[in-house]
Amino acid sequence: AQTVTQSQPEMSVQEAETVTLSCTYDTSENNYYLFWYKQPPSRQMILVIRQEAYKQQNATENRFSVNFQKAAKSFSLKISDSQLGDTAMYFCAFMKQGAQKLVFGQGTRLTINP
Amino acid sequence: ETGVTQTPRHLVMGMTNKKSLKCEQHLGHNAMYWYKQSAKKPLELMFVYNFKEQTENNSVPSRFSPECPNSSHLFLHLHTLQPEDSALYLCASSPLGATSGVNTQYFGPGTRLTVL
């Protein structure tokens, strides 16, 4: 069975700083997908970024980028120029290819301070 | 109308009540999901429906009864719940057989359920 671990329960940074959230996972699969979702206080779970395991290039979406290390089974999220609206719970998730089940980590509560 | 909607947003019910949660997706997807989010626990997948047919039930107690009349609508019927069922219930939808190879899930805002 796959597991996803987020070792940082809470993080806090100042606005405009860069912050990196950690995620590791355990799987015997070779083909899979990794996701970061954010859940602000409104509770809406919003897709931030997605990475295909077969792609060596790290995914980027505006201020959000990942550092995907397949051999180390690590998938960290970097938020550049952080904004107050980035305050949220961030969840790392795994899905094996062809499947529909998302396996989530415990989440990291990120606070951006003015 | 935004992608995935859920009603009600908040629900308080007694253990003997019967209530239903509703989910609607406007994304043209063919798969829909129910998740449970409890405090200090990872999201738990409850049910999966593909083309209106249930394809997964993760050992969910029978007091939770899903219904999927079509690919756009998903219900969760609740009956004789326990206080430990209090949680955020999230609905999601995804395409099936996406050309990208990944069936990315998009979530609704959730229903906060409190069982007294």
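One can find the structure itself at the top, above this paragraph.
### Notes on the packing of aromatic side chains
Right, on to step 1. Following the criterion strictly, the structure yields 14 aromatic pairs over all chains and no others.
Right, on to step 2. With a centroid separation of 5.8 Å and an interplanar angle of 35 degrees, the aromatic rings of B:Phe64 and B:Tyr89 are classed as tilted. Here the residue B:Phe64 occupies a position in strand S7 (residues 64–70), and B:Tyr89 occupies one in strand S9 (residues 87–94), the gap between them amounting to 25 residues. We note that B:Phe64, like B:Tyr89, is buried.
Right, on to step 3. Among the aromatic residues, those joined into a cluster by ring pairs are A:Phe35, A:Tyr37, A:Phe91, A:Phe104, B:Tyr33, B:Tyr35 and B:Phe107.

### Here we look at the pattern of salt bridges
Pairing is possible between side chains that carry opposite charge, provided their charged atoms lie close to one another.
Right, on to step 1. Taken as a whole and judged by the stated rule, the model has seven salt bridges over all chains.
Right, on to step 2. A:Glu52 is the salt-bridge partner of A:Lys55, the closest N and O atoms lying 3.9 Å from each other.
Right, on to step 3. According to the relative accessible area criterion, A:Lys55 is partly exposed, its value standing at 39%.
Right, on to step 4. The class of A:Glu52 is buried, set by a relative accessible area of 7%.
Right, on to step 5. A salt bridge links B:Glu44 to B:Lys41, with the nearest nitrogen and oxygen atoms 3.6 Å apart.
Right, on to step 6. Judged by relative accessible area, B:Glu44 falls into the partly exposed class, the value being 30%.
Right, on to step 7. Where salt bridges share partners, they join A:Arg50, A:Glu52 and A:Lys55 into one cluster.

### Regarding the sheet that holds strand S3 (residues 18–25) of chain B
All names here are of chain B.
Right, on to step 1. Read across the open sheet, the four strands follow the order S1-S3-S8-S7; overall the sheet is antiparallel. The sheet is open, and its two borders are formed by strand S1 (4–7) and S7, each paired with just one other strand. Within this sheet the neighbouring strands show an average axis-to-axis angle of 20 degrees, counted without direction.
Right, on to step 2. Pairing analysis gives five bridges linking S7 to strand S8 (residues 73–79), with the strands arranged antiparallel. Directly across from Phe64, in S8, lies its bridge partner Leu78.

### Digging into the interface of chain B and chain A
Right, on to step 1. Opposite the 31 residues of chain B that make contact, chain A presents 20 residues.
Right, on to step 2. Approximately 2,000 Å² of surface area, both sides summed, lies buried where chain B meets chain A, with 49% of it carried by carbon and sulfur atoms.
Right, on to step 3. Across the chain B-chain A interface, the total number found is zero salt bridges.
Right, on to step 4. Put simply, chain B and chain A have nine residue pairs in polar contact (both at pLDDT 80 or more) between them.
Right, on to step 5. Contributing elements (two or more residues each) for the side of chain B that touches chain A: strand S4 (31–37), strand S5 (44–50), strand S6 (53–57), S9 and strand S10 (106–107) of chain B.
Right, on to step 6. Ranked by the residues each element gives to the side of chain B that touches chain A, the list is headed by S4(B), at four residues.
Right, on to step 7. Of the residues assigned to the side of chain B that touches chain A, the class counts are 14 nonpolar, twelve polar and five charged.

### A word on the nonpolar core
Residue and element names in this part refer to chain A.
Right, on to step 1. In this structure, Tyr25, Trp36, Phe75, Leu77 and Tyr90 are the most contacted members of the largest nonpolar core, which totals 26 residues.
Right, on to step 2. Every element with two or more residues in this core is listed here: strand S3 (19–21), strand S5 (32–39), strand S6 (46–52), strand S8 (64–69), strand S9 (74–79), strand S10 (88–96) and strand S12 (108–113).
Right, on to step 3. Tallying contributions element by element places S10 first for this core, with four residues.
Right, on to step 4. Setting aside residues no more than four positions away along its own chain, Tyr90 makes contact with Gln6, Leu21, Trp36, Tyr37, Lys38, Val48, Phe64, Leu77, Ile79, Gly107, Thr108 and Leu110.

### Overview of the layout of surface pockets
Right, on to step 1. Empty space within the largest pocket amounts to approximately 560 Å³.
Right, on to step 2. Lining the largest pocket are 24 residues, with A:Met89, A:Phe91, A:Arg109, B:Gln37 and B:Lys40 positioned closest to its centre.
Right, on to step 3. Among the secondary structure elements, those contributing two or more residues to the lining of the largest pocket are S10 and S12 of chain A together with S9 of chain B.
Right, on to step 4. Residues belonging to the lining of the largest pocket are distributed by class as follows: ten nonpolar, eight polar and six charged.

What counts and what doesn't
- Residues numbered from 1 in each chain as written.
- Chains lettered and ligands numbered in written order.
- Predicted model: local features only at pLDDT ≥ 70, side-chain atom pairs only at ≥ 80, totals over all residues.
- Heavy atoms only, no water.
- Phe/Tyr/Trp six-rings, centres within 6.5 Å; stacked < 30°, edge-to-face > 60°.
- Helix = DSSP H or I, 4+ residues; strand = E, 2+ residues; numbered from the N terminus.
- Buried < 20%, exposed > 50% of the residue type's maximum accessible area, 1.4 Å probe, protein only.
- Salt bridge = Lys/Arg side-chain N within 4 Å of Asp/Glu carboxyl O.
- Pairing = 2+ DSSP bridges.
- Axes fitted to C-alpha atoms, helices over the stretch in contact; angles between N-to-C directions.
- Contact = heavy atoms within 4.5 Å.
- Buried area = accessible area lost by both parts, 1.4 Å probe.
- Polar contact = N/O pair within 3.5 Å; in protein donor to acceptor, adjacent residues only side chain to side chain.
- Nonpolar A, V, L, I, M, F, W, Y, C, P; charged D, E, K, R; others polar.
- Core = buried A, V, L, I, M, F, W, Y, C linked by side-chain atoms within 4.5 Å.
- 1 Å grid on protein atoms, 1.4 Å probe; cavity = no way out; pocket = protein on both sides within 12 Å on 5 of 7 lines; lining within 4 Å.
- Points joined across faces, edges and corners; volume = space filled by probe spheres on them.

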